[in-house]
Amino acid sequence: MAAMRRSTARLPPEVNRVLYVRNLPFKITSEEMYDIFGKYGAIRQIRLGNTPETRGTAYVVYEDIFDAKNAVDHLSGFNVAGRYLIVLFHQQSKLLKKTDTQKKKEELEKARDAYGIAE
């Protein structure tokens, strides 16, 4: 019955199997992440941020989109070691917009340098 309901349920377009998690404790381990997120379904992959810019963030990839939605619904605002998690669906389009903006800024700088225009 639940499987039948899952296949007919309509999800918003931003929902996908990849979650972006912010505000993680810096010392959290992969095993702890699997313990927290594994309660909501089978996990394909977890990637913890390990550079200074990405510390405290992670990507969690679920096998099933409905498990990912369930995790977002239950873990947003969940307290881990005194920090409240921010769990979002990963949106590739937002990431592309950021890189497009960066490219446009670089092109603008090149044009300014080429034509001798100050800011």
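Quick caveat: nothing in here was measured; it's all calculated off a predicted structure. (Residues numbered from 1 in each chain as written. Predicted model: local features only at pLDDT ≥ 70, side-chain atom pairs only at ≥ 80, totals over all residues. Heavy atoms only, no water.)

S.K.: Help me understand the overall build of the protein chain in this model?
M.R.: Scanning the protein chain from terminus to terminus reveals four helices and six strands. Secondary structure of the protein chain in N-to-C order comes out as α-β-α-β-β-α-β-β-β-α. For the protein chain, buried positions account for 24% of its 119 residues. A sequence separation of at least 24 residues applies to 64% of the contacts in the protein chain between residues at least 6 apart. Of the roughly 8700 Å² of accessible surface on the protein chain, 53% is carried by carbon and sulfur atoms. (Helix = DSSP H or I, 4+ residues; strand = E, 2+ residues; numbered from the N terminus. Buried < 20%, exposed > 50% of the residue type's maximum accessible area, 1.4 Å probe, protein only. Contact = heavy atoms within 4.5 Å. Areas by Shrake-Rupley, 256 points an atom, 1.4 Å probe, with all protein chains shown as cover.)

S.K.: I tried to follow the nonpolar core on my own but got confused; where do I start?
M.R.: When a protein is soluble and globular, its nonpolar side chains tend to lie buried together. Grouped together as the largest cluster of nonpolar side chains are 22 residues, with contacts concentrated most on Leu 19, Val 21, Met 33, Phe 37, Val 60, Tyr 62 and Val 87. Going through the elements one at a time, strand S1 (18-22), helix H2 (30-37), strand S2 (43-48), strand S3 (58-62), helix H3 (65-75) and strand S6 (86-89) are the ones with two or more residues in this core. Counting residues per element, this core draws most heavily on H3, at four residues. Residues contacting Val 87, with those up to four places away along its chain left out, are Leu 19, Tyr 20, Val 21, Phe 37, Val 72, Leu 75 and Ser 76. (Core = buried A, V, L, I, M, F, W, Y, C linked by side-chain atoms within 4.5 Å.)

S.K.: How should I be thinking about the pairing of S3 in this particular structure?
M.R.: Where a strand is regular, its side chains alternate between the two sheet faces. Within S3, four of the five residues are buried, which leaves it mostly tucked inside the rest of the structure. Sheet topology places S1 next to S3; four bridges connect them, and they run antiparallel. Along S3, the bridge assignment pairs Tyr 20 with Tyr 59. (Pairing = 2+ DSSP bridges.)

S.K.: In this structure, what is going on with the sheet that holds S2? I would like to understand it.
M.R.: Think of a sheet as strands paired side by side through backbone hydrogen bonds, with each pair either parallel or antiparallel. Overall, antiparallel pairing links the four strands, which are arranged S2-S3-S1-S6 in an open sheet. Looking at the sheet topology across the chains shown, the edges are occupied by S2 and S6. Averaged over all neighbouring strand pairs, the angle between strand axes comes to 20°, with direction disregarded. Here S2 pairs with S3 via five bridges, running antiparallel. Across the sheet, Gln 45 pairs through a bridge with Val 61, a residue of S3. Together, S1, S2, S3 and S6 form the strand contacts of H2, whose direction differs from that of S2 by roughly 135°. Together, S1, S3 and S6 form the strand contacts of H3, whose direction differs from that of S6 by roughly 150°. (Axes fitted to C-alpha atoms, helices over the stretch in contact; angles between N-to-C directions.)

S.K.: Explain the side chain of Thr 57 to me, please; I cannot follow it from the model alone.
M.R.: Along the chain, Thr 57 falls in the loop between S2 and S3. Overall, Thr 57 belongs to the buried group, its relative accessible area being 14%.

S.K.: I tried to follow H3 on my own but got confused; where do I start?
M.R.: Since one α-helical turn is 3.6 residues long, residues separated by three or four positions face the same way. Taken together, the buried positions of H3 are Asp 67, Ala 68, Ala 71, Val 72 and Leu 75. Down the axis of H3, the sector holding all buried residues measures 140°, keeping them to one side. (Arc of directions from axis to C-beta.)

S.K.: Looking at this structure, how should I read the pattern of salt bridges?
M.R.: Any two side chains of opposite charge can pair if their charged atoms end up close together. All told, the structure shown has three salt bridges when counted by the stated rule. In this structure, Glu 109 and Arg 112 form a salt bridge, with 3.4 Å as the shortest nitrogen-oxygen distance. With Glu 109 and Arg 112 both in helix H4 (residues 92-115) and three residues apart, the pair spans about one turn of that helix. (Salt bridge = Lys/Arg side-chain N within 4 Å of Asp/Glu carboxyl O.)

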